[in-house]
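# Summary of the model geometry
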Amino acid sequence: MKKKILIADDNLAFCSSLKDFISTHSDFDVVGIAANGVQALQLVESTDPDYLLLDIVMPELDGFGVLSALEGKRPIVIMISQLATDGFVQKAMQYGASYFLAKPLDFSRLLKLLMELGEPQPAMPKPAPTSKRVRSLDEKIANLFISVGIPAHIKGYQFLREAIKMTIDTPDIINSITKRLYPGIAERYDTSASKVERAIRHAIEVAWSRGKIENINNIFGIKIYSPNEKPTNGEFIALIADKLMLESA
């Protein structure tokens, strides 16, 4: 069965070109194009897309407004915008986007991402009493990732964030990283444990390649690493999880 895609962007020429490109692939079907945020919400309701390709700047209701208003069964949201600074990327992730791609958009890269993504998210329950805590934790992790130079658009960002949250909830899981942690994340994202491990490794390597080692050391208050000392996945996950647990204690 073809996966349904909804495009929400007020640049109709861009939408038309993107639709033509996606339509050449037999696995996907563009079920609608929305020129503003209000229309995007209406089309999400009427077409039930698997994926929503969403711009930030749109008439009537911007992309963040659309993310805030989405209820029930949410499509997987990929933000596509020229506003690709860390602040906008972080905000998009906090509002529920799964990925962020910068314009000008590489259509082939988008298609590759669509093919790799798993199934749409299940129906979202009403916010539980702990939802405020979850949002706060997501924000803290996002801020840490920005400080250490882990960009939100890479796949390892989500996997690493999930690993830290799982470690905070079940601290002993870090001792079974290959048998429990990676497989647990893989199951949630419909991928393999080996891909989770590689993506997290890549995220850490990106941080080191950006040369933000001093930021990492400043976060923890002591000099833990030098540019030539990259931590293992487990060490990095445990270090951040421990810091966040101490802050909330």
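The sections below set out a description of the structure shown in this document.

This part covers the overall build of the protein chain. What the protein chain contains, in helices and strands, is 11 helices and 5 strands. Put simply, the protein chain has 249 residues, and 48% of those count as buried. Residue pairs at least 24 apart in sequence account for 64% of intrachain contacts in the protein chain once pairs closer than 6 positions are excluded. Counting only carbon and sulfur atoms, one obtains 52% of the accessible surface of the protein chain, whose full area is about 12400 Å².

This part covers helix α2 (residues 37–47). Three or more residues of α2 are buried, namely G37, A40, L43, V44 and T47. An end-on view of α2 places all buried positions within 115 degrees of arc, on one side of the element. Along α2, the residues that are exposed and aim more than 90 degrees away from the buried face are Q42, E45 and S46. Of the surrounding secondary structure, the elements contacted by the buried residues of α2 are β1 (3–8), β2 (28–34), β3 (51–54) and α3 (63–69). Where α2 begins, the side chain of N36 points an oxygen toward the backbone nitrogen of V38, at a separation of 3.1 Å. Looking one or two residues past α2, D48 carries a phi angle of roughly 50 degrees, positive in sign.

Further remarks concern the packing of aromatic side chains. One pass over the full model with this rule turns up 6 aromatic pairs. With a centroid separation of 6.4 Å and 65 degrees between ring planes, the pair formed by F28 and Y51 is classed as edge-to-face. Residue F28 is located in strand β2, and its partner Y51 is located in strand β3; the two are separated by 23 residues in the primary sequence. Both rings, one in F64 and one in F88, keep their centres 6.4 Å apart while their planes meet at 5 degrees; by these two values the pair is stacked. Placement of the pair is F64 in helix α3 and F88 in helix α4 (residues 86–94), with a sequence separation of 24 residues. On the accessibility criterion, F64 (6% relative accessible area) is buried.

Enumeration according to the criterion identifies 2 cavities of 30 Å³ or more in this entry. Counted as a void, the largest cavity has a volume near 40 Å³. What lines the largest cavity is D86, V89, Q90, A142, I146, I150, P151, A152 and Y157. It is α4 that provides the largest number of residues to the lining of the largest cavity, a total of 3 residues. Among the residues making up the lining of the largest cavity, the classes are represented as 7 nonpolar, 1 polar and 1 charged.

With that settled, the discussion passes to the layout of surface pockets. Approximately 280 Å³ is the volume found for the second largest pocket. Contributing to the lining of the second largest pocket are Y99, L101, R109, K112, L113, E116, H153, I154, K155, G156, A199 and H202. Every element with two or more residues in the lining of the second largest pocket is listed here: β5 (99–102), α5 (107–116), α7 (155–169) and α9 (193–209). No other element matches α5, which puts 4 residues into the lining of the second largest pocket. Partitioned by chemical class, the residues of the lining of the second largest pocket number 5 nonpolar, 3 polar and 4 charged.

Cut-offs and rules
- Residues numbered from 1 in each chain as written.
- Predicted model: local features only at pLDDT ≥ 70, side-chain atom pairs only at ≥ 80, totals over all residues.
- Heavy atoms only, no water.
- Helix = DSSP H or I, 4+ residues; strand = E, 2+ residues; numbered from the N terminus.
- Buried < 20%, exposed > 50% of the residue type's maximum accessible area, 1.4 Å probe, protein only.
- Contact = heavy atoms within 4.5 Å.
- Areas by Shrake-Rupley, 256 points an atom, 1.4 Å probe, with all protein chains shown as cover.
- Arc of directions from axis to C-beta.
- Polar contact = N/O pair within 3.5 Å; in protein donor to acceptor, adjacent residues only side chain to side chain.
- Phe/Tyr/Trp six-rings, centres within 6.5 Å; stacked < 30°, edge-to-face > 60°.
- 1 Å grid on protein atoms, 1.4 Å probe; cavity = no way out; pocket = protein on both sides within 12 Å on 5 of 7 lines; lining within 4 Å.
- Points joined across faces, edges and corners; volume = space filled by probe spheres on them.
- Nonpolar A, V, L, I, M, F, W, Y, C, P; charged D, E, K, R; others polar.

Interpretation in functional terms is not warranted from these geometric data alone.
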